[in-house]
Amino acid sequence: MTNATDYYKGGLAVAAYDLFTGGGLLAGDIEFYLDCAHRFGGPILEIGTGTGRILLPLADAGYDVIGLDISSSMLAIAAAKLADHPDLSTRVQFVNDDMTNFDLKQKFPLVINTARSFQHLLTPDDQRKALLCVHQHLMPGGYLVLDLFDPYFELLFANNFAAPPPREMHDPLSDHLIRRTMLARHTNPMHQTVQEMLRFEAFDKAGRLVACEETSWTLRWSMRQEIAYLLELCGFEVVEQFSDFSGAPPAYGREQLWIARSI
């Protein structure tokens, strides 16, 4: 198995991250986190902040936000975005660190772990370490919002892998067409992991290939009962569960969206 975070080391995959993130089952996530900020207050810690796709709208809404991520390449893009909005600089801080072992010497009323980044932790032990770190950084009665995908077993364990059609997006910064193709998917039922191999290609206006790279990521899926028990073991009380960012009740094969309170 390759490193779970190979995808985030840099290159075309990272440059194109925002183009392919935020739709589908993640549709409406920014608005959802803005509502959580309104309900629970700030300052806010975002774990897995990536390119700042969610962090910057929170800062623009007036909240102080610390964005933590293990990928320096993703944080570099976030910092470049922030440079275009100097009025937000006093409300934003980026931290390059591991979500399983960090100490910010600060407590928050709200911690958000967004865009399924928690699922890059491939063992229950690492998941527990991350949740304990979050608990240590929450004020008494503070809230954690955790987003995972709910495993869709018909897809994960299909007898014959059928790659979805390539996705194509226009990159306004480079004026290139970016194509993302899934090359293979491997599941490991014993460890509850799925690895996907991906190819990214960039084409200029004339249709010429100007860049190409292959990368992968590995994610661990968890059942709802598993996450509920893990949250309880780590000092949380689950207060709300949804299957999307519009507030739909829990449902098979969609999102696992948890709101839990520190106790």
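Residues numbered from 1 in each chain as written. Predicted model: local features only at pLDDT ≥ 70, side-chain atom pairs only at ≥ 80, totals over all residues. Heavy atoms only, no water.

Peer 1: Provide a residue-level description of the sheet that holds strand E6 (residues 167–171), including the pertinent values.
Peer 2: Consider a sheet: its strands pair through backbone hydrogen bonds, and that pairing is either parallel or antiparallel. Pairing in this open sheet of four strands is antiparallel, and the strands run E6-E7-E8-E9 from one edge to the other. Two strands lie at the open edges of the sheet, namely E6 and strand E9 (209–220), each paired on one side alone. Shown here is a sheet whose adjacent strand axes are inclined to one another by a mean of 25 degrees, direction ignored. Bridging between E6 and strand E7 (residues 176–188) involves five bridges; their strand directions are antiparallel. Bridging from a neighbouring strand, glutamate 168 pairs with arginine 179 of E7. (Pairing = 2+ DSSP bridges. Helix = DSSP H or I, 4+ residues; strand = E, 2+ residues; numbered from the N terminus. Axes fitted to C-alpha atoms, helices over the stretch in contact; angles between N-to-C directions.)

Peer 1: So what about the pattern of salt bridges? Which residues, and what values?
Peer 2: This structure, assessed with the given rule, holds 16 salt bridges. Among the ionic pairs, aspartate 29 bridges to arginine 53, the shortest N-O distance being 2.5 Å. Of this pair, aspartate 29 sits in helix H2 (residues 29–40) while arginine 53 sits in the loop between strand E1 (44–47) and helix H3 (55–60), placing them 24 residues apart in sequence. Classification of aspartate 29 as buried rests on a relative accessible area of 2%. Of the charged contacts, one joins aspartate 125 and lysine 129 as a salt bridge, the two residues approaching to 3.3 Å between their closest N and O atoms. Taken together, the residues aspartate 125 and lysine 129, both in helix H5 (residues 124–136) and four residues apart, mark about one turn of the helix. (Salt bridge = Lys/Arg side-chain N within 4 Å of Asp/Glu carboxyl O. Buried < 20%, exposed > 50% of the residue type's maximum accessible area, 1.4 Å probe, protein only.)

Peer 1: Break down the nonpolar core for me, citing the residues and quoting the values.
Peer 2: With 27 residues, the main nonpolar core has Leu45, Phe118, Leu144 and Phe236 as its most contacted residues. At the level of elements, E1, strand E2 (65–69), strand E4 (108–113), H5, strand E5 (138–149), helix H7 (224–233) and strand E11 (255–262) are the ones that each hand at least two residues to this core. Once residues within four sequence positions are removed from consideration, leucine 144 is found in contact with Val111, Leu131, Val134, Leu138, Leu231, Phe236, Trp258, Ile259 and Ala260. Core analysis: the next-biggest nonpolar cluster, separate from the first, contains 25 residues, Leu58, Tyr63, Leu110 and Phe242 among them. (Core = buried A, V, L, I, M, F, W, Y, C linked by side-chain atoms within 4.5 Å. Contact = heavy atoms within 4.5 Å.)

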